[in-house]
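# Structure at a glance
Listed below are the residues making up each chain.
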Amino acid sequence: ARSELQKDVYQLDSVETRVALFGDLHVHSKLSLDSWIFGTRATPDDAYNFAKGAELTHPAGISMQLRRPLDFLSVTDHGTYLGMFEQMNNPSGSVGEHPLSIALRKAESSEDRDAVFREILPRERGYIDFEDDLLDLDIVRSAWQEVLNAAERHNNPGSFTTFVGYEFTAGGQGGENLHRNVIFRNDRVPEIPFTRLDAKNNPEKLWDWMDQIREEGINSLAIPHNSNGSDGWMFEQTYKSGGPIDRQYSEQRLRNEPLVEVTQVKGTSDTHPLMSPNDEWADFELMESTIGSSNPSRAQGSYVREAYLNGMVLASKGAGNPYRFGLIGSSDTHNAAGSFREDRFWSKTGLLDATPQQRGSVPDESGGFADVIRSYWGGSGLAGVWAESNSRDSIFDAFERKETFATSGPRMKIRFFASAEALPVLLGQEDLKKAYNSGVSMGGDLSISEDLSGSPHFTLQAMMDPLSAPLERLQVIKGWVEQGEKREQVFDVACATGDVNPESHRCSLESAEPNRQTCQHQKGAAELSAVWQDPEYDREKDAFYYVRALEVKTCRWSTWDALRAGTSPNPKIARFLQERVWSSPIWVFGVNAHE
């Protein structure tokens, strides 16, 4: 097998002992200006304690607690104006007498506080043409030290891992989202975060800075999120200046952004029905506006699957591929506590969406449903990794080699391997050792040699979360470029009930809707696995493959809200959903590869 393929995969002595670990790399505490406005007073320490299983009180008084602790976490407060709002609330502080600070302290209602927030936004977003007399970098440095100290206090190798991080919050005036979370490998971090104010809202400047500090021994990676709300700018095909992407751009972006957050509270960015009309599951938890506005977000350039395809087109033109990234999920909670369960949902933005009426799932006093974007938010998501140990180095290595997966909330596990020879369905350590030694795992590259006949063999396995619903189907998603046209196809490869139709590549049976009075879901499989070959494989063409596994249909949080309130669900939003897990892709390069 080794003579028939070349591998780009980390070789480690204990690969067969890698375990699935779950975490959240997108958490905001009171140090973020918007969290403070929303009423959150929880500290980074509170966020880490919550992740380890402690109870935390929501700004509205709701008790928040996980059923199971997480394995790793990063508190990623907004780098811009980090810690400023808390100090604006202190009249004796360095910014306490600023007119906006006084206005903030006088604000009595959420509407008043939101008005002050709107006044500060142009400063925070860098859209001012005068010197900023509010920003105090000493406050930012002090808050950043608080972030670092909390991460060090709670890091416990072997049991619970913390990562120092922050959010780089770039974007356009219309709410176009270009946000990234910057995660540091260890406690070697810069004195102060590099923010949108430093970069003039240009993420390319962030990559320049990351390259610079890497030369100084500070290792980090950036994780884009909410590409669905980027209005097509997250996965662009030009430099920010307008020039065409070239190999230098591709190499720098991939070096600094090996991962993308594909799902979180503010929607899922896998794909869109407009771009994947033959994918019956493409409409999952869509939020189709730009961030913080009702402006529609252009689908093209905003979704992961299309980015994979566009990257292949760029590579075929000699520009390299900037979009060979892996996938994770995270929460983007602004309550310091991710809400991952549909049946116990406390949403995201503190006092703004604490009640079913505010979320539009239960009628308000007028008898109608609030028409709010929060109705389309969800209980998502989590980052999954396969790592040798619960430690910074081991988990960060998994990030870099892209042996990662994303879930919409439940702790489903997924494995994915490709090889030139058939691999066993994974049951034990010896099988895993063979899979790692003979093939590549998710996130890896498989290069086909001239003398290899037939299709690569793919081994895939999904395991249900024992505290969630069972699985309905296991799928492989394929993308390739043919005569300049971008193509994709979804293959069902294992089914909980029924067989896969060889012509339609679909399971012959699907799960029924849950009981509308009790939300009791249907039966399914605890595990689905397969050894699969692409029936339409063409060794002349490059392709990517990734795995998606779906639970049986269950009730969405909005339906649970309505059932508890004794009202009918909001007819404008989905009643049910199918929770899912996505693997990072494997890229298979044909004999005429465009690597």
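First things first, this report covers the structure right here in the doc. Everything numeric in this text was worked out from a predicted model, so none of it was measured.

Attention shifts here to the sheet that holds strand β7 (residues 165-168). Read across the open sheet, the 3 strands follow the order β7-β8-β9; overall the sheet is antiparallel. The open sheet has two free edges, formed respectively by β7 and β9 (220-224), since each of these has just one partner strand. Neighbour-to-neighbour, the strand axes of the sheet open up by a mean angle of 25°, direction not taken into account. Sheet analysis places β7 next to strand β8 (residues 180-184), joined by 4 bridges and oriented antiparallel. Opposite Glu167, over in β8, you have Asn181 as the bridge partner.

Let's shift gears to the side chain of Asp353. Residue placement: Asp353 occurs in the loop between β12 (326-329) and α11 (356-359). We note that Asp353 is buried and unpaired, the nearest opposite charge coming from Arg374 at a distance of 4.8 Å. Among the polar contacts listed, one links the side chain of Asp353 to the backbone nitrogen of Lys348, at a separation of 3.3 Å. Not counting residues up to four positions away in its chain, the partners in contact with Asp353 are Trp346, Ser347, Lys348, Gln358, Arg359, Arg374 and Trp377.

Counted under the stated rule, the structure contains 40 salt bridges. In this structure, Arg506 engages Glu280 in a salt bridge whose closest nitrogen and oxygen atoms are separated by 2.8 Å. Here the residue Arg506 occupies a position in strand β22 (residues 506-507), and Glu280 occupies one in the loop between β11 (267-268) and α10 (304-316), the gap between them amounting to 226 residues.

Attention now goes to the nonpolar core. Core analysis: the largest hydrophobic core is formed by 70 residues, its most contacted members being Leu73, Tyr166, Phe184, Leu206 and Phe325. For this core, the element with the highest residue contribution is helix α6 (residues 137-154), accounting for 7 residues. One finds Ile414, Tyr436, Phe458 and Trp480 within the second-largest nonpolar core, a separate group that totals 41 residues.

The next thing to look at is the state of the cysteines. Considering all chains together, one arrives at 2 disulfides under this definition. There is a disulfide in this structure between Cys519 and Cys555, and the S-S distance comes to 2.0 Å. On the sign convention where negative is left-handed, the bridge of Cys519 and Cys555, at about -95° about the S-S bond, is left-handed. One end of the pair, Cys519, is in the loop between β22 and β23 (527-533); the other, Cys555, is in strand β25 (residues 554-555), and 36 residues separate them in sequence. No difference in accessibility class separates Cys519 from Cys555, as the two residues are buried. Sequential numbering of the bridged cysteines in the chain gives the disulfide pattern 1-2, 3-4.

So, how was this worked out
- Residues numbered from 1 in each chain as written.
- Predicted model: local features only at pLDDT ≥ 70, side-chain atom pairs only at ≥ 80, totals over all residues.
- Heavy atoms only, no water.
- Pairing = 2+ DSSP bridges.
- Helix = DSSP H or I, 4+ residues; strand = E, 2+ residues; numbered from the N terminus.
- Axes fitted to C-alpha atoms, helices over the stretch in contact; angles between N-to-C directions.
- Buried < 20%, exposed > 50% of the residue type's maximum accessible area, 1.4 Å probe, protein only.
- Lys, Arg positive; Asp, Glu negative; His and termini not counted.
- Salt bridge = Lys/Arg side-chain N within 4 Å of Asp/Glu carboxyl O.
- Polar contact = N/O pair within 3.5 Å; in protein donor to acceptor, adjacent residues only side chain to side chain.
- Contact = heavy atoms within 4.5 Å.
- Core = buried A, V, L, I, M, F, W, Y, C linked by side-chain atoms within 4.5 Å.
- Disulfide = S-S within 2.5 Å.

These results come straight from atomic positions and should not be treated as a statement about function.
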